[in-house]
Amino acid sequence: MQSVSDIWTMILDRLREDLAETTIKTWFDETTVVALEGNELILHCPNDFKRTNIQDRFLPRIEAVLRDIFSSDMTAVLLSDDALRRRQDPQEAKTSSIMESGEFTFETFVVGPSNQLACSAARAVADAPGQHYNPLFIYGSSGLGKTHLLYAIAHVIRQKNPSARILYIKGDEFINDFIESVRTGKAGEFRVKYREADLMLVDDIQFVAGKVETQNEFFHTFNTLYESKKQIVLTSDRPPQEMALLDDRLRTRFEWGLMADVQQPVLETRVAIIKNKAANLGLILDDGIANYIAGKITSNVRQLEGTVHKIKAFHDLNIPIDQAAVDRAIQDMIRSNEFIITPENIIKEVCRYFRVEEDQIRGPSRSRDILNARQIAMYLIRRMTNLSLDETGKLFGGRDHSTTLNGVTKVENRMKKDSAYAETVKAIITNINATK
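Anyway, here's the lowdown on the structure attached to this text. (Residues numbered from 1 in each chain as written. Predicted model: local features only at pLDDT ≥ 70, side-chain atom pairs only at ≥ 80, totals over all residues. Heavy atoms only, no water.)

Okay, the overall build of the protein next. Along the protein, the regular secondary structure elements total 21 helices and eight strands. Dimensions along the principal axes, computed over C-alpha positions, put the protein at roughly 85 × 60 × 45 Å. Pairs at least 24 residues apart make up 69% of the contacts formed inside the protein by residues separated by at least 6 positions. Across the protein, 56 positive and 61 negative side-chain charges occur, with their mean positions spaced 5 Å apart. (Helix = DSSP H or I, 4+ residues; strand = E, 2+ residues; numbered from the N terminus. Contact = heavy atoms within 4.5 Å. Lys, Arg positive; Asp, Glu negative; His and termini not counted. Charge placed at Lys NZ, Arg CZ, Asp CG, Glu CD.)

Given below as structure tokens:
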């Protein structure tokens with residue numbers, strides 16, 4: 001037995017002992033073997049009708065043959081196209097799981113003046129993908145519901161067309177995917193994955209700005225999907241015109257469809273979000289508590305919903321839901337969302353951005369690229385932490401006060417003169433904050 005394909009051949013040969021060749025060809029001509037994992041043989045059949053019949057009529061026979069071959073209990077699993085894609089692509093599996101949960105749908109999205117345009121546009125896209133607002137570009141600060149709308153679009157399209165090829169990816173994951181495809185010589189597989197999608201959802205597209213080769217690849221991916229009338233939906237923390245390092249060709253294309261912003265929710269919307277979340281959790285909050293929470297948390301939907309989760313936990317523990325309990329829930333949520341920026345966070349993100357190793361940036365190298373990354377890291381540590389110049393210098397191979405000051409000063413001066421360079425530093429700061 002040379003391979004898992006040999007096992008499938010043996011199974012078909014054994015089935016021929018009881019079944020006519022016409023039956024074998026009719027039902028199994030589209031079935032292929034995927035893998036043998038432990039005591040499970042994984043098969044794939046793209047035809048729903050044939051797959052159902054195989055499962056109902058022939059699966060016990062297949063498993064009986066497997067038991068004879070391996071002298072142990074074995075099972076056979078027959079995958080659809082959608083299930084096979086999820087198995088091959090963990091990211092799609094994660095996306096599908098979230099879509100199927102029903103948590104992030106249009107029904108659970110609270111609409112108000114701050115997000116009405118974005119929600120209406122998202123609904124139009126979900127109802128007729130590729131026909132309206134292509135691309136749809138949604139922008140706004142973190143925690144205001146942009147990702148919720150992406151999943152809501154996907155949820156509707158998946159319900160209408162279960163076999164739709166839906167791809168959800170974050171901007172930095174697209175960059176990493178592209179780099180890995182180049183490194184491993186799998187550019188063809190990368191292009192098939194992205195350019196054959198029916199719906200491409202890209203969260204935080206601002207991360208591709210400044211990455212020359214990645215932008216070029218995304219440009220061609222965008223064109224292929226757009227020309228095939230496949231729907232593209234992008235989110236960002238800012239509009240395209242504010243991305244100084246974004247390729248002009250991409251900026252133009254991002255503005256082809258509709259740009260819709262999401263802003264901080266007004267008081268009435270915040271109250272509605274709180275009461276809606278509570279209702280979904282089986283919790284009834286009176287208007288006074290809902291208004292009190294909405295008055296305390298004003299800018300972040302995630303914190304509003306997190307506070308309600310905390311109150312629900314108190315309720316389940318039979319803790320009275322009075323103002324003291326609500327205050328505690330609010331403070332717990334704010335503390336849990338606090339992100340303490342450390343020098344290590346900054347160095348790690350600078351290294352990731354410039355594709356250099358930490359030992360290089362901390363070491364003696366004075367190559368132009370390493371020196372630039374090191375000076376930006378020094379500048380950001382001085383700006384974003386309370387470390388002194390001497391303490392900062394020690395993080396970089398024990399460099400002294402004057403060397404650190406010189407690096408920080410160079411970055412400050414160059415940012416004033418070079419807008420593209422300033423945008424690079426801004427992008428790194430955004431990335432650091434995005435790790436919250």
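The next thing to look at is the sheet that holds strand E8 (residues 258-261). Taken in spatial order, the five strands of this open sheet run E5-E6-E7-E4-E8, and their pairing is parallel. Edge positions in the sheet fall to strand E5 (166-170) and E8, since each of these pairs with one other strand and no more. Averaged over all adjacent pairs, the angle separating strand axes in this sheet is 15 degrees, with direction ignored. Relative to E8, strand E4 (residues 136-139) is paired through four bridges, and the arrangement is parallel. (Pairing = 2+ DSSP bridges. Axes fitted to C-alpha atoms, helices over the stretch in contact; angles between N-to-C directions.)

Another aspect to go through is the sheet that holds strand E3 (residues 75-79). Spatially, three strands are ordered E1-E2-E3 in an open sheet, and the strand pairing comes out mixed. In this open sheet, the two strands that pair with only one neighbour each are strand E1 (32-37) and E3. Neighbour-to-neighbour, the strand axes of this sheet turn through a mean angle of 25 degrees, independent of strand direction. Helix-sheet contacts for helix H1 (residues 4-15) involve E1 and strand E2 (40-44), and the interaxial angle to E1 is about 115 degrees. Of the strands in this sheet, E1, E2 and E3 are in contact with helix H3 (residues 48-70), which crosses E3 at around 145 degrees.

Think of an α-helix as turning once every 3.6 residues; residues three or four places apart then point the same way. The first and last C-alpha atoms of helix H7 (residues 146-160) sit 22 Å apart over 15 residues, in line with the 21 Å expected at 1.5 Å per residue. A large share of H7 lies buried, amounting to 12 of its 15 residues. By the burial criterion, the buried members of H7 are Lys 146, His 148, Leu 149, Leu 150, Tyr 151, Ala 152, Ile 153, Ala 154, His 155, Val 156, Ile 157 and Arg 158. (Expected span 1.5 Å × (residues − 1). Buried < 20%, exposed > 50% of the residue type's maximum accessible area, 1.4 Å probe, protein only.)

What follows is about the nonpolar core. One finds Ile 205, Phe 218, Phe 254, Val 350 and Leu 380 to be the most contacted residues of the largest nonpolar core, which totals 55 residues. It is helix H18 (residues 368-384) that contributes the most residues to this core, nine residues altogether. Ala 118, Leu 149, Ile 166 and Val 262 belong to the second largest nonpolar core, which has 27 residues in total. (Core = buried A, V, L, I, M, F, W, Y, C linked by side-chain atoms within 4.5 Å.)

What follows is about the packing of H18 against helix H20 (residues 401-417). Here H18 crosses H20 at 95 degrees, and the two axes come no closer than 8 Å. One way to sum up the angle between H18 and H20 is to call them roughly perpendicular. Of the residues in H20, those in contact with Asn 372, Gln 375, Ile 376, Met 378, Tyr 379 and Arg 382 of H18 are Thr 404, Gly 407, Val 408, Lys 410, Val 411, Glu 412, Arg 414 and Met 415. In the contact of H18 with H20, the residues fall into six nonpolar, four polar and four charged. (Parallel < 35°, antiparallel > 145°, perpendicular 65-115°, else oblique. Nonpolar A, V, L, I, M, F, W, Y, C, P; charged D, E, K, R; others polar.)

Time to look at the packing of aromatic side chains. Scanning all chains against the criterion turns up 18 aromatic pairs. Measuring from centroid to centroid gives 6.0 Å for Phe 222 and Tyr 226, while their planes differ by 10 degrees, and the two rings are stacked. Here Tyr 226 and Phe 222 lie together in helix H10 (residues 212-227), a separation of four residues that amounts to about one turn. Each residue in the set Phe 137, Tyr 139, Phe 174, Phe 178, Phe 190, Tyr 194, Phe 218, Phe 222, Tyr 226, Phe 254 and Trp 256 is aromatic and connected to the rest through ring pairs, giving one cluster. Between the NZ or CZ atom of Arg 249 and the centre of the ring of Phe 219, over which it lies, the distance is 3.8 Å. (Phe/Tyr/Trp six-rings, centres within 6.5 Å; stacked < 30°, edge-to-face > 60°. Lys NZ or Arg CZ within 6 Å of the ring centre and 35° of its normal.)

The next subject is the pattern of salt bridges. Using the criterion set out here, one finds 22 salt bridges in the structure. The shortest N-O distance in the salt bridge between Glu 217 and Arg 191 comes to 3.2 Å. Of this pair, Glu 217 sits in helix H10 while Arg 191 sits in helix H9 (residues 187-195), and the two are 26 residues apart along the sequence. Residue class for Glu 217 comes out buried when judged on its relative accessible area of 5%. Between Glu 423 and Arg 238 there is a salt bridge, and its shortest N-O distance comes to 2.7 Å. Remark: Arg 238 occurs in the loop between strand E7 (231-236) and helix H11 (248-254) and Glu 423 occurs in helix H21 (residues 419-434); sequence separation between them is 185 residues. Of the two residues, Glu 423 and Arg 238, both sit in the buried class. (Salt bridge = Lys/Arg side-chain N within 4 Å of Asp/Glu carboxyl O.)

This paragraph deals with unusual backbone geometry. Cis rather than trans, the peptide bond between Asn 134 and Pro 135 has omega equal to 5 degrees. Residues other than glycine seldom take positive phi values, yet Asp 204 does so here, at roughly 60 degrees. One can find Asp 204 in the loop between strand E6 (199-203) and H10. Unlike most non-glycine residues, Asn 318 shows phi in positive territory, near 65 degrees. Tracing the sequence through the fold places Asn 318 in the loop between helix H14 (301-316) and helix H15 (323-337). Taking the relative accessible area as the measure of exposure, Asn 318 reaches 69% and is therefore exposed.

Attention now moves to the environment of Leu 15. Tracing the backbone through its elements, the reader meets Leu 15 in helix H1. According to the relative accessible area criterion, Leu 15 is buried, its value standing at 3%. In this structure the C-alpha to C-alpha distance between Leu 15 and Asp 204, which are 189 residues apart in sequence, comes to 52 Å.

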